[in-house]
Amino acid sequence: MSYNPTRRMKLGAVVSNQEDTDTGLVRRHAHVRDLTRAAEEVGFDSVWLPDHFLFRTSDQAEGGQWEMFTQLAALAERTSRIALGSFVAAIPFRSPALLAKMADSLDEISDGRFILGLGAGWNELEFTAFGFPFDHLVPRFEEGLEIILPLLREGHVDYEGAYYSARDSVLRPRGPTPGGPPIWIGAKRPRMMRLVAQHAAAWSSVWHKSADEMPEARARLETACAEVGRDPKEIIFSAGTFTKLLAPNEKPPEEYSGKAGDVDDIVEFLRAFDEQGVRHITLIIENQDRATIERFGEVIRRLDTLG
């Protein structure tokens, strides 16, 4: 699932489906769909949607977003090559068995292009607003995996835990990917990193200001893998960062959490991640419109040319 099969570092774009809490702008599904199709056209390997319901800023300005799995299913029908992923699905938002069923259905709808990114969740506001318990998030995540993993990989689970249960649960029919869609886990702290080392096809590490942070990040992955006896090379090392492709004569912001610059600047910035062993870079691209995504195509072409 890449325009360039020799591309070492795959390129992903996070497409925002969230209201803008500053301006009140509502990003309609037509906009999300257009950006996703533009990303596919210019050569991105993957598009990701975040899994959130509600945000409230310190001054009580509110912003919500469309439900992620619903939109991913719609995007799967309007694309043909690009991988589509959850960035990341909070296990406590849905029963684990239902989440596995939804993931397998998306695997079917996308013809094997879905990536199941998983996390424990963190925004207490939306847990409370939508009636989900906010306690023991990591134990809930760990128990959720005890249901999701065997259901997707073997098609059956029988589990009773402190937080979740799935009695004689079966996935039928099955999507096209043997063992279900690949599971990527977002994690930072040691207990979650251990779960990455035990179970994940990839580690989604976020958010990084530059590739200078990669040696420390890789060391955390290697430590977790050593604890469970797994080769870290078996896990895709994915990093997330921010980019802002400046228009001609546009000045970069004084402070920025990633890289703001022209095509040359962004290419150099991303190549540094590649050189540090990152095999998938997930980008939040500022000024999300079709023109910006199309301009980013030049960055991708340059990266492919440079190798």
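The text that follows walks through the structure, step by step, so that each part is easy to find. The shown structure was predicted, so the numbers you read here are calculated from the model rather than taken from an experiment.

How two helices pack is summed up by the angle between their axes together with the distance between the axes. Axis separation between helix H1 (residues 29-42) and helix H2 (residues 68-77) bottoms out at 10 Å; the angle between their running directions is 50 degrees. Between H1 and H2, the angle falls in the class oblique. Where H1 crosses over H2, the handedness of that crossing is right-handed. Within the contact between the two elements, H1 uses His29, Val32, Arg33 and Thr36 and H2 uses Gln71, Ala74 and Leu75. A breakdown of the residues in the contact of H1 with H2 according to their chemical character gives 3 nonpolar, 3 polar and 1 charged.

In the structure shown here, the tally under the stated rule is 15 aromatic pairs. Geometrically, the ring pair formed by Trp203 and Phe237 is stacked, given 5.9 Å between the ring centres and 10 degrees between the ring planes. Of this pair, Trp203 sits in strand S11 (residues 202-205) while Phe237 sits in strand S12 (residues 236-245), and the two are 34 residues apart along the sequence. A residue is classified by how much of its surface remains accessible, and Trp203, at 0% relative accessible area, is buried. Aromatic side chains Phe269 and Phe273 sit 5.3 Å apart centroid to centroid with 80 degrees between the ring planes, which places their arrangement in the edge-to-face category. One end of the pair, Phe269, and the other, Phe273, are both in helix H8 (residues 263-275), 4 residues apart, so they sit about a helical turn from each other.

All right, on to the pairing of strand S8 (residues 156-160) then. Burial along S8 is one-sided: Val157 and Tyr159 are buried, and none of His156, Asp158 and Glu160, which face the opposite way, are. For S8 and strand S9 (residues 165-170), the ladder comprises 4 bridges, and the chain directions are antiparallel. The partner of Val157 across the bridge, within S9, is Ser169.

So, on to the packing of H1 against helix H9 (residues 290-306). Two elements in contact, H1 and H9, have axes separated by 9 Å at closest approach and are oriented at 20 degrees. It follows from the interaxial angle that H1 and H9 lie roughly parallel. Considering the relative orientation of H1 and H9, their crossing is right-handed. Contact residues: Asp34, Leu35, Arg37, Ala38, Ala39, Glu41 and Val42 in H1; Arg290, Ile293, Glu294, Gly297 and Ile300 in H9.

The next thing to look at is H9. Across its 17 residues, H9 extends 25 Å between first and last C-alpha, which sits within 8% of the 24 Å expected from 1.5 Å per residue. Buried residues of H9: Thr292, Ile293, Phe296, Gly297, Val299, Ile300 and Leu303, and no others. Against strand S1 (10-14), H1, S12, H8 and strand S14 (280-285) lie the buried residues of H9. Downstream of H9 by a residue or two, Gly307 has a phi angle that is positive, lying close to 80 degrees.

Backbone torsion omega between Phe87 and Val88 reads -20 degrees, so that peptide bond is classified as cis. With respect to the secondary-structure elements, Val88 resides in the loop between strand S5 (83-86) and strand S6 (89-90). Residue Pro173 follows Arg172 across a cis peptide bond; omega there is -10 degrees. In this structure, His136 takes a positive phi of about 50 degrees despite not being glycine. Relative to the helices and strands, His136 is located in the loop between helix H4 (124-129) and helix H5 (137-154). Of note, the phi angle at Asn249 is positive, near 70 degrees, even though the residue is not glycine. Structurally, Asn249 can be placed in the loop between S12 and strand S13 (259-261).

So, on to the nonpolar core. Counting residues in hydrophobic clusters, the biggest one holds 81 residues, and the most contacted among them are Phe44, Leu116, Leu118, Leu270 and Phe296. Top element by residues in this core is H5. It accounts for 8 residues. Beyond its immediate stretch of four places on either side in the chain, Leu270 contacts Met9, Leu11, Ile281, Leu283, Phe296, Val299 and Leu303. With 7 residues, the next largest nonpolar core counts Val14, Trp48, Phe87 and Trp184 among its residues.

A separate point is the layout of surface pockets. The gaps of empty space that remain are located by a probe, the size of a water molecule, rolled over the atoms. Of the pockets and cavities examined, the largest pocket occupies roughly 1,300 Å³. Lining the largest pocket are 42 residues, with His52, Phe87, Trp122, Val206 and Trp207 sitting closest to its centre. Of all the elements in the fold, those that place two or more residues in the lining of the largest pocket are H4, H5, helix H6 (190-199), S11 and S14. Class assignment of the residues belonging to the lining of the largest pocket gives a composition of 19 nonpolar, 13 polar and 10 charged. Here the second largest pocket is characterised by a volume of approximately 190 Å³. Taken together, 12 residues make up the lining of the second largest pocket; nearest its centre are Lys10, Asp45, Ile115, Trp184 and His280. In terms of residue class, the lining of the second largest pocket is built from 6 nonpolar, 2 polar and 4 charged.

Definitions and limits used
Residues numbered from 1 in each chain as written. Predicted model: local features only at pLDDT ≥ 70, side-chain atom pairs only at ≥ 80, totals over all residues. Heavy atoms only, no water. Axes fitted to C-alpha atoms, helices over the stretch in contact; angles between N-to-C directions. Helix = DSSP H or I, 4+ residues; strand = E, 2+ residues; numbered from the N terminus. Parallel < 35°, antiparallel > 145°, perpendicular 65-115°, else oblique. Left-handed = near helix turned anticlockwise from the far one by under 90°. Contact = heavy atoms within 4.5 Å. Nonpolar A, V, L, I, M, F, W, Y, C, P; charged D, E, K, R; others polar. Phe/Tyr/Trp six-rings, centres within 6.5 Å; stacked < 30°, edge-to-face > 60°. Buried < 20%, exposed > 50% of the residue type's maximum accessible area, 1.4 Å probe, protein only. Pairing = 2+ DSSP bridges. Expected span 1.5 Å × (residues − 1). Core = buried A, V, L, I, M, F, W, Y, C linked by side-chain atoms within 4.5 Å. 1 Å grid on protein atoms, 1.4 Å probe; cavity = no way out; pocket = protein on both sides within 12 Å on 5 of 7 lines; lining within 4 Å. Points joined across faces, edges and corners; volume = space filled by probe spheres on them.

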